[in-house]
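Survey of secondary and tertiary structure
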Amino acid sequence: MDFSTQGATPDVIKEGTDQTFMQDVVEASKDAVVLVDFWAPWCGPCKQLTPTIERVVNGAGGKVKLVKINMDENQGVATQLGVRSIPAVFGFVDGRPVDAFMGAQPEAQVQQFVDRLMSNTSGAQQLEEAAEQAAQMFQNGDVGGAAQLYSQILQADQSHIPAIAGLARCYLANEDYDRARQVLEMVPEDERSHPDVKGVQTALDLMSTPTKSEELAELRGKADAEPENFQLRYELAEAEIAANRHEQASDTIFMILEKDLAWEDGKAKELLLKLFEAAGPKADVTKKGRRRLSALVFS
């Protein structure tokens, strides 16, 4: 019998490979602590440690998972992590390794190791919940309260991407474009493609030259006078977006789409999608607009 599968609970303990590492470890660690145990059949200390880890994991009520990787058959990830001796155990939280230990350890120390990882997860979870609360405050119109909560999150974690993007969006809502850009500069280069960041950047691009009220009224008058002039409607929608009037802009764009969905090779639809990105996925204008667009596309 292979000692590495004894006592394993399928839901929380599994055999992993280099090929399944992203799914089993990196992605899974965004929902729970994941331990990665590098072992080999010939390794005596591994035989001592594995049952200990399994007991601790099975006692964690599903909050911790264990992925066991046979070093004889899988060396890619181990090499990337710098594993030089086994047993080697890495703890992953939120997609990255945050702690590790080498060699066989008594159960009390393994439990302490897992407790530290779970504490990290608890803190991260609190920040995520706070970010969700701030996003809801923003959607409810409490921009000041949202900005304050986002700032508190960033005091605890300066690299919290949703909080950075959220704070930038708050400045954007107050038409403080320079501060919004300054906040976005906090985003690391490898996180620039994050949906929250892209959304705020798109909003900045669309709103960088806000339209004055009198200019907006003049454009609307021209568009109303020529209802079949889609180019005027399009220009009005651009001006409404620049003035942060997303609901009006959405309605204006749909005046085009409902008559000609493919106008100008999908030009109006493309602007609508940029509007959704700028407003954010949780905004009412985005949720209602996507349903409205789907009804048009699939009618």
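Look above for the structure.
Notes on the structure in this doc start here. (Residues numbered from 1 in each chain as written. Predicted model: local features only at pLDDT ≥ 70, side-chain atom pairs only at ≥ 80, totals over all residues. Heavy atoms only, no water.)

**A word on the overall build of the protein**
Helix and strand counts for the protein come out as 13 helices and five strands. A globule of 299 residues ought to have a C-alpha radius of gyration of about 19 Å, yet the protein, at 26 Å, is considerably larger. Across its three principal directions, the C-alpha atoms of the protein cover 85 × 40 × 30 Å. By residue count, 43% of the 299 residues in the protein fall in the buried class. By sequence separation, contacts in the protein at least 24 residues apart represent 62% of the contacts at least 6 residues apart. For the protein, the exposed area adds up to about 15,800 Å²; of that, 47% sits on carbon and sulfur atoms. Seen as two clouds, the 30 positive and the 47 negative side-chain charges of the protein have centres 2 Å apart. (Helix = DSSP H or I, 4+ residues; strand = E, 2+ residues; numbered from the N terminus. Rg over C-alpha atoms; globule rule 2.2 N^0.38 Å. Buried < 20%, exposed > 50% of the residue type's maximum accessible area, 1.4 Å probe, protein only. Contact = heavy atoms within 4.5 Å. Areas by Shrake-Rupley, 256 points an atom, 1.4 Å probe, with all protein chains shown as cover. Lys, Arg positive; Asp, Glu negative; His and termini not counted. Charge placed at Lys NZ, Arg CZ, Asp CG, Glu CD.)

**Some words on helix α6 (residues 161-173)**
Between its first and last C-alpha atoms α6 spans 18 Å; for 13 residues at 1.5 Å apiece the expected length is 18 Å, and the two agree. Within the span of α6, buried status applies to Ile161, Ala163, Ile164, Ala165, Gly166, Leu167, Ala168, Arg169, Cys170, Tyr171 and Leu172. Trailing α6 by a residue or two, Glu175 shows a phi angle of about 60°, which is positive. (Expected span 1.5 Å × (residues − 1).)

**With respect to the sheet that holds strand β1 (residues 13-16)**
Here we have five strands laid out as an open sheet, ordered β1-β3-β2-β4-β5, and mixed in their pairing. Each having just a single partner strand, β1 and β5 (96-102) make up the two edges of the open sheet. Averaged over all adjacent pairs, the angle separating strand axes in this sheet is 25°, with direction ignored. Where strand β2 (residues 33-39) meets strand β4 (residues 88-93), five bridges bridge the pair, whose relative direction is antiparallel. By the bridge assignment, Val34 is partnered in β4 with Phe92. Seen against the sheet, helix α2 (residues 44-58) touches β1, β2, β3 (64-70), β4 and β5 and runs at an angle of roughly 155° to β3. (Pairing = 2+ DSSP bridges. Axes fitted to C-alpha atoms, helices over the stretch in contact; angles between N-to-C directions.)

**Let's talk about the packing of helix α9 (residues 213-225) against helix α10 (residues 230-242)**
Where α9 contacts α10, the axes come no closer than 9 Å and their chain directions differ by 155°. With respect to their mutual orientation, α9 and α10 come out roughly antiparallel. Crossing of α9 over α10 shows left-handed handedness. Each of Leu216, Leu219, Arg220, Lys222, Ala223 and Asp224 in α9 lies in contact with α10, whose residues at this interface are Leu232, Arg233, Glu235, Leu236, Ala239 and Glu240. A breakdown of the residues in the contact of α9 with α10 according to their chemical character gives six nonpolar, no polar and six charged. (Parallel < 35°, antiparallel > 145°, perpendicular 65-115°, else oblique. Left-handed = near helix turned anticlockwise from the far one by under 90°. Nonpolar A, V, L, I, M, F, W, Y, C, P; charged D, E, K, R; others polar.)

In short, the description is geometric, and any link to function would need to be established separately.
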